[in-house]
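Each chain, letter by letter, is given below.
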Amino acid sequence: KSTVKSYSSDWRDFDSWCLVRGLTAMPAAPHSVACYLADRASQSFIDPKGNQQLPLKTSTLARRLSAISQAHQVAGIDFNRRHPAIQETWKGIRNTHGTAQNGKEPILIEDLRRMVESIQTSKGDKERLIGFRDKALLLLGFAEAFRRSELVSLNVEDLKLVRDGYIVNIRRSKTDQQGEGREVAIPYGSSPCTCPVRALQDWINLAKLQNGPLFVPVNRHGQKSSDAMTSHAVAVIIKKHAPNKEMAIELSGHSLRAGFATTAAMAGVQEYAIMKQTGHKRSDTLKKYIRARDLWRDNAASKVGL
């Protein structure tokens, strides 16, 4: 859904850009697309909603090009995104502005432990439902390296408690649009404080969940909703329990997933095993999340006697 929404917004911007210049957006001439990309990469502009925007990043421009291509495909019109005019312009944009993406900070295991230990699960004699929910969400999100959309899409029925932990059925994900689904295992943790299985059991039992969404909104009075949480709420919870304000700024809903991959790699876990847990299809995609291991492992500067 988010991809469709983004593509629709991208197309509206391109269509508006063409309209102002008296150009045809559909079918789009390769030189028009090339000029559009160059313009958006180098100048500030007013978007279709009337808001001032800074020049677009390379990653955003890549999505804009994909949106233009997809719009033509849906309309049954040929569009050659490999046309020399587009490719040479794109090459120039990348050479000028670069292609590096600023990933959000990963939550490593020591960060997660501090976050979980700071969560209040009792207030006087009254147990805090919000605390149990947040603890279960953080630990499950890390242990399975869930995307935030996958977390909020889980239902109680998707969990099966067995002797060794939970088997979680992921019915649909970003890389599984056909809904083939996959099962992943969530084992008991070695420490009760950071055990995702125990945290899930506590949350389910205390919230008296029998079916429907696994993670639901809870107000300050301890009253829970029957609706699923939003993806945005996951990011809010992560930032809320960040060890400090500086780190909270750098965290996002993706930090649990990135943190698991990074922590597992630092512990020497093989890539195929990490991919089995995260659901990545390609190892080169996984490598984007493994940020800290190669910086410190066999670091030459640590071996020269400084």
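Use the structure listed above.
Definitions and cut-offs
- Each chain carries its own residue numbering, running from 1 in the written order of its sequence.
- For this predicted model, a pLDDT threshold of at least 70 governs which residues receive local features, and a threshold of 80 or more governs which side-chain atom pairs are given and counted, while totals over whole chains, interfaces and linings are taken from all residues.
- Note that the side-chain values use all heavy atoms of the structure and ignore hydrogens as well as water.
- Grouping buried Ala, Val, Leu, Ile, Met, Phe, Trp, Tyr and Cys residues that are joined through side-chain atoms within 4.5 Å yields what is termed a nonpolar core.
- Throughout this description, buried means an accessible area under 20% of the type-specific maximum (1.4 Å probe, protein chains only), exposed means over 50%, and partly exposed covers the range between.
- Counting from the N terminus, the helices are DSSP H or I runs at least four residues long and the strands are E runs at least two residues long.
- In this analysis, two residues are considered to be in contact whenever any of their non-hydrogen atoms come within 4.5 Å of each other.
- Here the expected span of a helix is defined as 1.5 Å times the quantity of residues minus one.
- Angular values range over 0 to 180 degrees, each being the angle between N-to-C directions of two axes fitted as lines to C-alpha atoms, with helices fitted over their stretch in contact.
- Working definition: roughly parallel below 35 degrees, roughly antiparallel above 145 degrees, roughly perpendicular at 65 to 115 degrees, and oblique for all remaining angles.
- Take the far helix as your reference; a near helix turned counterclockwise from it by less than a right angle gives a left-handed crossing, and one turned clockwise gives a right-handed crossing.
- Gly falls in the polar group here, along with every residue not listed as nonpolar (Ala, Val, Leu, Ile, Met, Phe, Trp, Tyr, Cys, Pro) or charged (Asp, Glu, Lys, Arg).
- We define a polar contact as two N or O atoms separated by no more than 3.5 Å, with the added condition that, inside protein, one atom must be a possible hydrogen donor and the other a possible acceptor, whereas residues neighbouring each other in sequence contribute only through side-chain atom pairs.
- In short, DSSP must find at least two bridges between two strands for them to pair.

Trainee: Explain the nonpolar core residue by residue, including any values.
Mentor: Grouped burial of nonpolar side chains is what soluble globular proteins tend to show. Ranked by size, the top nonpolar core spans 53 residues in total, and within it Leu140, Trp203, Leu214 and Phe215 carry the most contacts. No other element matches the ten residues that helix H6 (residues 129-143) contributes to this core. Not counting the four nearest positions on each side in its chain, Trp203 is found in contact with Leu129, Phe132, Arg133, Ala136, Leu209, Leu214, Phe215, Val216 and Val218. Listed in part, the 20 residues of the second largest apolar core include Ala28, Val33, Tyr36 and Leu61.

Trainee: Just give me the short version of helix H11 (residues 255-266), but keep the residues and values in it.
Mentor: Taking 1.5 Å per residue, twelve residues should reach 16 Å; H11 reaches 16 Å between its end C-alpha atoms and fits that length. For H11, a buried count of eleven out of twelve residues is recorded, marking the element as mostly surrounded by other parts of the structure. Listing the buried residues of H11 in full gives Ser255, Leu256, Arg257, Ala258, Gly259, Phe260, Ala261, Thr262, Thr263, Ala264 and Ala265. Phi turns positive, to about 90°, at Gly268, one or two residues after H11.

Trainee: I'd like to hear about the packing of H11 against helix H12 (residues 271-278), residue by residue, with values.
Mentor: At a minimum axis separation of 10 Å, H11 and H12 run at an interaxial angle of 160°. Of the possible angle classes, the one that applies to H11 and H12 is roughly antiparallel. In this structure, the crossing between H11 and H12 has a hand that is right-handed. Residue-level inspection shows Arg257, Phe260, Ala261, Ala264 and Ala265 of H11 in contact with H12, the latter providing Ile274, Gln277 and Thr278. Class assignment for the residues of the contact of H11 with H12 results in five nonpolar, two polar and one charged.

Trainee: If you had to explain the side chain of His241 to someone new, which residues and values would you point to?
Mentor: Tracing the chain through its elements places His241 in the loop between helix H9 (231-240) and helix H10 (245-250). Of the residues examined, His241 reaches a relative accessible area of 10% and is grouped as buried. Looking at His241, its side chain comes within polar contact range of the side chain of Asp134, at 2.8 Å. When neighbours within four sequence positions are excluded, His241 is seen to be in contact with Met115, Ser118, Ile119, Asp134 and Leu138.

Trainee: Residue-level account of unusual backbone geometry, with values.
Mentor: Residues Met26 and Pro27 are joined by a peptide bond in cis, for which omega reads -5°. Relative to the helices and strands, Pro27 is located in the loop between helix H1 (2-20) and helix H2 (30-42). Even without being glycine, Ala145 reaches a positive phi, approximately 55°. Along the polypeptide, Ala145 turns up in the loop between H6 and helix H7 (148-153). Residue Ala145 is classed as buried on the basis of its relative accessible area of 1%. Of note in this structure, Lys208 is not a glycine but carries a positive phi near 55°. Positionally, Lys208 belongs in the loop between helix H8 (196-207) and H9.

Trainee: Lay out the sheet that holds strand E6 (residues 165-170) with the relevant residues and their values.
Mentor: Strand-to-strand pairing in sheets goes through backbone hydrogen bonds, with the strands running parallel or antiparallel. Spatially, the three strands line up as an open sheet ordered E5-E6-E7, and their pairing is antiparallel. Of all strands in the sheet, those bounded by a partner on one side alone are strand E5 (159-162) and strand E7 (182-187). In this sheet, neighbouring strand axes are inclined to one another by 25° on average, regardless of whether the strands run parallel or antiparallel. Sheet analysis places E6 next to E7, joined by six bridges and oriented antiparallel. Looking at E7, one finds that Val168 is bridged to Val184.

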